[in-house]
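For reference, the chains in residue letters:
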Amino acid sequence: MTKLKIAYSPCPNDTFVFDAWAHGRVPGAPRLDVTFADIDITNGWAEGGTDDHDVLKVSYAVLPWILDEYALLPCGGALGRGCGPLVLTREAGSGADLAGKTVAVPSERSTAYLLFRLWAAETVPGGVGNVVVMPFHEIMPAVRDGKVDAGLVIHEARFTYKGYGLHCLADMGEHWEATTGLPIPLGAIVARRSLGEEALRLLADSARASVRMAWDDPEASRPYVLEHAQEMDPKVADQHIGLYVNEFTADLGEHGYAAVRGLLTRAAAEGLVPPLGPDALAFP
């Protein structure tokens, strides 16, 4: 197989997962040509259908728009418990306080946004006022500085928001787990169906092997992780990896697939995404 083009984020969980594969240490795996991009960018690439990457890290929320062209790999992504997005405000309060207010979100095609909309439908009387999209690293400063009333944050913001003097109004993951009992689907790895079933299986095997090699020798990935962690404190990077890289990263399994189907079925019922076909998530 020729070198494959892959795009994933510079976040520690992605660089940890793909380090061994990206550096040619996974036996038999195809060589990779890596592009780093925020997940909102890769979501747009996948949905636009004009991008030339073979493999992309995307939000589970975008799957209903792209599964005709891309297959969901059963490994390599981010799905777990206690790792959901947070709604942050300057003052402590309740969900009702967001009625008619402005909320910043990292993407309207993100899983975080779907979880937020499902939560708000039950919690915010009459709904929020305005939703504005901004890069996730700008959201906490915008809340702190009063540019928006609240912010939906992801990634390492779980560990750093108190440093901005902010309060956690609600944990979208806690709400999801309490109402469904399922883990939280966040980021998925997808590959072009046109690569063929044999190649797709090889990609899944390679991603799974890369994850396990990272677990077996965590220090091997540390230079790659910290190189791309955008000046993140190494301790925060370790917390990030510990939260987002877990058994579901190695294999979605029955509970992982149930979580993905549950999220997208609920979102379709609310009119937030198109409905999935019965075999849309099937992997070769």
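Rules used throughout
Residues numbered from 1 in each chain as written. Predicted model: local features only at pLDDT ≥ 70, side-chain atom pairs only at ≥ 80, totals over all residues. Heavy atoms only, no water. Salt bridge = Lys/Arg side-chain N within 4 Å of Asp/Glu carboxyl O. Helix = DSSP H or I, 4+ residues; strand = E, 2+ residues; numbered from the N terminus. Buried < 20%, exposed > 50% of the residue type's maximum accessible area, 1.4 Å probe, protein only. Phe/Tyr/Trp six-rings, centres within 6.5 Å; stacked < 30°, edge-to-face > 60°. Lys NZ or Arg CZ within 6 Å of the ring centre and 35° of its normal. Axes fitted to C-alpha atoms, helices over the stretch in contact; angles between N-to-C directions. Parallel < 35°, antiparallel > 145°, perpendicular 65-115°, else oblique. Contact = heavy atoms within 4.5 Å. Nonpolar A, V, L, I, M, F, W, Y, C, P; charged D, E, K, R; others polar. Core = buried A, V, L, I, M, F, W, Y, C linked by side-chain atoms within 4.5 Å. Pairing = 2+ DSSP bridges.

### Some points on the pattern of salt bridges
And then number 1: Inspection of every chain in the model, using the stated rule, returns twelve salt bridges.
And then number 2: The salt bridge partner of Lys-5 is Asp-52, with a shortest N-O separation of 3.0 Å. Here Asp-52 lies in the loop between α2 (39-48) and β3 (55-59) and Lys-5 lies in strand β1 (residues 4-8), a separation of 47 residues in the sequence.
And then number 3: In this structure, the salt-bridge partner of Arg-25 is Asp-19, at a minimum N-O distance of 2.4 Å.
And then number 4: Look at Arg-25 and you get partly exposed, because its relative accessible area is 35%.
And then number 5: Each of Glu-219, Arg-222 and Asp-238 takes part in salt bridges that share partners, so that together they form one network.

### Concerning the packing of aromatic side chains
Aromatic ring pairs are defined here through the distance separating the ring centres and the angle between the ring planes.
And then number 1: Overall, the coordinates contain five aromatic pairs when judged by the stated rule.
And then number 2: An angle of 35 degrees between the planes, with centres 6.1 Å apart, marks the rings of Phe-18 and Trp-21 as tilted. You can see Phe-18 and its partner Trp-21 sitting in helix α1 (residues 12-22), three residues apart, about one turn around the helix. Note on accessibility: Phe-18 and Trp-21 belong to one class, buried.
And then number 3: When the ring of Phe-36 is compared with that of Tyr-224, the centres are 6.1 Å apart and the planes differ by 55 degrees; the resulting orientation is tilted. One end of the pair, Phe-36, is in strand β2 (residues 32-36); the other, Tyr-224, is in helix α9 (residues 218-227), with 188 residues separating them in the sequence.
And then number 4: Accessibility expressed as a relative area gives 8% for Tyr-224, which makes it buried.
And then number 5: When the ring centre of Trp-65 is taken as origin, the NZ or CZ atom of Arg-109, which lies over that ring, is 3.7 Å away.

### Quick word on the packing of helix α7 (residues 172-180) against helix α12 (residues 253-269)
And then number 1: In the contact formed by α7 and α12, the axes pass within 12 Å of each other and the chain directions differ by 100 degrees. Comparing their axes, α12 and α7 come out roughly perpendicular. Every residue of α12 that contacts α7 at Trp-176, Thr-179 and Thr-180 is listed here: Ala-259, Gly-262, Leu-263 and Arg-266.
And then number 2: In terms of residue class, the contact of α7 with α12 is made up of three nonpolar, three polar and one charged.

### Some details on the nonpolar core
And then number 1: In this structure, Val-58, Leu-63, Val-87, Leu-98, Phe-116 and Trp-119 are the most contacted members of the largest nonpolar core, which totals 55 residues.
And then number 2: When residues no more than four places from it in sequence are discounted, the contact partners of Val-87 are Leu-98, Phe-116, Trp-119, Ala-150, Gly-151, Leu-152, His-167, Cys-168, Leu-169, Ala-170 and Met-172.
And then number 3: Core analysis: the second largest hydrophobic core is formed by 31 residues, Ala-29, Ala-71, Leu-203 and Ala-214 among them.

### With respect to the sheet that holds strand β9 (residues 150-153)
And then number 1: Read from one edge of the open sheet, five strands run β8-β7-β9-β6-β10, paired in mixed fashion. The strands lining the two open edges of the sheet, one partner per strand, are β8 (130-133) and β10 (167-171). Going from strand to strand, the sheet's axes swing by 25 degrees on average, the running direction of each strand aside.
And then number 2: Sheet analysis places strand β7 (residues 102-105) next to β9, joined by two bridges and oriented parallel. Residue pairing in the sheet places Ala-104 in a bridge with Gly-151 of β9.
And then number 3: Contacts between helix α5 (residues 136-144) and the sheet are confined to β6 (86-89), β7 and β9, with β9 contributing the most and set at about 160 degrees to the helix.
And then number 4: Packing against the sheet, α7 makes contact with β6, β9 and β10, and its axis sits at approximately 25 degrees to β10.

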